Amino acid sequence: MLILPSHKLLPMLSPFFLLGTLIAVTMLAFSSILGQLLLALLLGGLSLGLLGLLVPLKPLTPFSYFLELQLIVLLGWRDYLLSNYRVTWDLIASTRQ
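Conventions used here
- Residues numbered from 1 in each chain as written.
- Predicted model: local features only at pLDDT ≥ 70, side-chain atom pairs only at ≥ 80, totals over all residues.
- Heavy atoms only, no water.
- Helix = DSSP H or I, 4+ residues; strand = E, 2+ residues; numbered from the N terminus.
- Rg over C-alpha atoms; globule rule 2.2 N^0.38 Å.
- Buried < 20%, exposed > 50% of the residue type's maximum accessible area, 1.4 Å probe, protein only.
- Salt bridge = Lys/Arg side-chain N within 4 Å of Asp/Glu carboxyl O.
- Axes fitted to C-alpha atoms, helices over the stretch in contact; angles between N-to-C directions.
- Parallel < 35°, antiparallel > 145°, perpendicular 65-115°, else oblique.
- Contact = heavy atoms within 4.5 Å.
- Nonpolar A, V, L, I, M, F, W, Y, C, P; charged D, E, K, R; others polar.
- 1 Å grid on protein atoms, 1.4 Å probe; cavity = no way out; pocket = protein on both sides within 12 Å on 5 of 7 lines; lining within 4 Å.
- Points joined across faces, edges and corners; volume = space filled by probe spheres on them.
- Phe/Tyr/Trp six-rings, centres within 6.5 Å; stacked < 30°, edge-to-face > 60°.
- Expected span 1.5 Å × (residues − 1).
- Arc of directions from axis to C-beta.

(A) Here's a closer look at the overall build of the chain. Each helix and strand counted, the chain has three helices and zero strands in total. Listing each helix as α and each strand as β along the chain from the N terminus yields α-α-α. For 97 residues, the compact-globule estimate of 2.2 N^0.38 gives 13 Å, and the chain exceeds it by more than 25% at 19 Å. Based on the C-alpha atoms only, the size of the chain along its principal axes is roughly 70 × 35 × 25 Å. In the chain, buried positions account for 14% of the 97 residues.

Pasting the structure below:
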């Protein structure tokens, strides 16, 4: 069992956990019927998410929202690894007199 030191770390690593789960369930599908069922459920959920991104239907919103969040996190990792970010604060004019 993996114990994360912070609840803030889980959302940043969730796309990688999803990929690891997909790989593990795919390997399990070669050896058991339960693995095949889990793989079908996993691929079905991902397919519903992709369909929800293409066709905005209300029942598919949670699936597409999940995939959008994973994509946003992956894009954030890409920007971080390519040093394509800026960590500065822009000063604003003070309203004090």
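Picking up where we left off.
(B) Quick peek at the pattern of salt bridges. Under the criterion given, the structure shown has one salt bridge. Of the charged contacts in the structure, one is a salt bridge between Asp79 and Arg78, with a shortest N-O distance of 3.2 Å.

(C) Molecular detail of the packing of helix H2 (residues 33-54) against helix H3 (residues 61-81). Taken N-terminus to C-terminus, the directions of H2 and H3 make an angle of 90 degrees; their axes are 7 Å apart at the nearest point. Comparing their axes, H3 and H2 come out roughly perpendicular. Contact residues: H2 offers Gly45, Leu46, Leu48, Gly49, Leu50, Gly52 and Leu53, while H3 offers Phe63, Ser64, Leu67 and Glu68. Across the contact of H2 with H3, the residue classes break down as six nonpolar, four polar and one charged.

(D) Representation of the layout of surface pockets in the model. The space that makes up the largest pocket amounts to roughly 240 Å³. Considering the residues around the largest pocket, the lining is formed by Pro15, Phe16, Leu18, Leu19, Leu22, Leu46, Leu53, Leu67, Glu68, Gln70, Leu71 and Leu74. Sorting the residues of the lining of the largest pocket by element identifies helix H1 (9-29), H2 and H3 as the ones contributing at least two each. In the lining of the largest pocket, the residues fall into ten nonpolar, one polar and one charged.

(E) Summary view of the packing of aromatic side chains. All chains considered together, the criterion is met by two aromatic pairs. Considering the side-chain rings of Phe16 and Trp77, the 5.8 Å spacing of their centres and the 75 degrees angle between planes classify their relative orientation as edge-to-face. Of the two residues, Phe16 is situated in helix H1 and Trp77 in helix H3; the sequence distance between them amounts to 61 residues. Classification of Phe16 as partly exposed rests on a relative accessible area of 40%. On the basis of an interplanar angle of 85 degrees and a centroid distance of 6.1 Å, the ring pair of Trp77 and Tyr80 is categorised as edge-to-face. Linking Trp77 with Tyr80, this pair stays in helix H3, spanning three residues, or about one helical turn.

(F) Molecular detail of H3. The terminal C-alpha atoms of H3 lie 30 Å apart, and with 21 residues this matches the ideal 30 Å at 1.5 Å per residue to within 8%. Every buried residue belonging to H3 is among Ser64, Leu67 and Gln70, and all of these are buried. Along the axis of H3, the buried positions cluster into a sector of 125 degrees, meaning they face one direction only. In this structure, H3 carries Pro62, Tyr65 and Ile72 as exposed residues pointing more than 90 degrees from its buried face.

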